[in-house]
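Architecture and fold: a report
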Amino acid sequence: MSAASTAPPATLVPEPFRDQWAEMWAAHGRGDLPTAVALASQMEVLLEDLHGPRHPYTITMLTARAWLTLCRRTDWPATVELLIKTALRRQAARAQPEADTLRAARNAHACWHVVAKRDTAAAQSLAGPLADMLTALGLNELRANVQGLVQAQASRTVS
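Residues numbered from 1 in each chain as written. Predicted model: local features only at pLDDT ≥ 70, side-chain atom pairs only at ≥ 80, totals over all residues. Heavy atoms only, no water.

Regarding the nonpolar core
Counting residues in each nonpolar core, the largest one holds 26 residues, and the members touching the most others are V80, A105, W112, V115, L130, M133 and L134. Of all the secondary-structure elements, those providing two or more residues to this core are α4 (56-72), α5 (76-93), α6 (98-118) and α7 (120-136). In this structure, L130 is in contact with I84, A108, H109, W112 and V146, ignoring residues within four places of it in sequence. Of all hydrophobic cores here, the second largest spans 16 residues; its members include W21, L39, M61 and L68. (Core = buried A, V, L, I, M, F, W, Y, C linked by side-chain atoms within 4.5 Å. Buried < 20%, exposed > 50% of the residue type's maximum accessible area, 1.4 Å probe, protein only. Helix = DSSP H or I, 4+ residues; strand = E, 2+ residues; numbered from the N terminus. Contact = heavy atoms within 4.5 Å.)

Some remarks on unusual backbone geometry
Of the consecutive residues Q96 and P97, the connecting peptide bond is found in the cis state with omega at 0 degrees. Examined against the element boundaries, P97 turns out to sit in the loop between α5 and α6. At R94, a residue that is not glycine, the phi angle is positive and equals roughly 55 degrees. As for its placement among the helices and strands, R94 is situated in the loop between α5 and α6. Note on R94: relative accessible area 71%, which makes it exposed.

A few points about the layout of surface pockets
Its volume calculated, the largest pocket comes out at about 480 Å³. In terms of lining, the largest pocket is formed by 23 residues, of which the most central are T60, T63, A64, R90 and D100. Of all the secondary-structure elements, those providing two or more residues to the lining of the largest pocket are α2 (18-29), α4, α5 and α6. (1 Å grid on protein atoms, 1.4 Å probe; cavity = no way out; pocket = protein on both sides within 12 Å on 5 of 7 lines; lining within 4 Å. Points joined across faces, edges and corners; volume = space filled by probe spheres on them.)

Some thoughts on the pattern of salt bridges
All chains considered together, the criterion is met by 5 salt bridges. For R18, the salt bridge identified is with E15, shortest N-O distance 3.1 Å. With a relative accessible area of 24%, R18 lands in the partly exposed category. For E15, a relative accessible area of 55% gives the class exposed. A salt bridge links E44 to R65, with the shortest nitrogen-to-oxygen separation between them at 2.4 Å. Note that E44 is positioned in helix α3 (residues 33-51) and R65 in helix α4, a separation of 21 residues in sequence. Like E44, the residue R65 is buried in the burial classification. (Salt bridge = Lys/Arg side-chain N within 4 Å of Asp/Glu carboxyl O.)

Focus on the packing of α5 against α7
Relative orientation of the contacting elements α5 and α7 amounts to 15 degrees, with a least axis distance of 10 Å. Judged by the angle between their axes, α5 and α7 are roughly parallel. The way α5 lies across α7 gives a crossing that is left-handed. Residues P77, V80, E81, I84, A87, L88 and Q91 of α5 form the contact with α7, whose participating residues are A122, L126, P129, L130, M133 and A136. Taken together, the residues that form the contact of α5 with α7 break down as 11 nonpolar, 1 polar and 1 charged. (Axes fitted to C-alpha atoms, helices over the stretch in contact; angles between N-to-C directions. Parallel < 35°, antiparallel > 145°, perpendicular 65-115°, else oblique. Left-handed = near helix turned anticlockwise from the far one by under 90°. Nonpolar A, V, L, I, M, F, W, Y, C, P; charged D, E, K, R; others polar.)

Quick look at α5
A rise of 1.5 Å per residue sets the reference length of α5, with its 18 residues, at 26 Å; its end C-alpha atoms lie 25 Å apart and thus fit the reference within 8%. Of all the residues in α5, the buried ones are W76, T79, V80, L82, L83, I84, T86, A87, R89 and R90. Contacts made by the buried residues of α5 are with α3, α4, α6 and α7. Capping of α5 at its N-terminal end is provided by D75; its side-chain oxygen lies 3.2 Å from the backbone amide nitrogen of A78. With its phi angle positive at about 55 degrees, R94 sits one or two positions after the end of α5. (Expected span 1.5 Å × (residues − 1). Polar contact = N/O pair within 3.5 Å; in protein donor to acceptor, adjacent residues only side chain to side chain.)

Structure follows, in structure tokens:
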């Protein structure tokens, strides 16, 4: 199965962006995630300028960029920030499917755990925005998990 056949449908973006959309997913299919993320970022900026931050086209591109960034598995703190932004923007726009909003939130939480294992200070700085986003989405068990881990880290630091 080719990467093009596994890409989301081009109809998710307006006609002038469909070639770039296909190029972005082809780069992903080749494993060239830096190029795929760069293309998504470029298209997101243009779509936001044309349609605004809550338009479905812009939200689609933000969601694609967040997912491609997550696939890179590089800058974990920045990935957490992007996933928080994505979940909150999707919620504010009432973007469909709602499952994608919840997936972005859960991915932010999972990535935050990676940050917490590697950089306690970065995890603590992200904990508040992450907890706020999880609260806004009604993911209270995940929020409690974040708060509990931050408290446990703080008590280990004090001890």
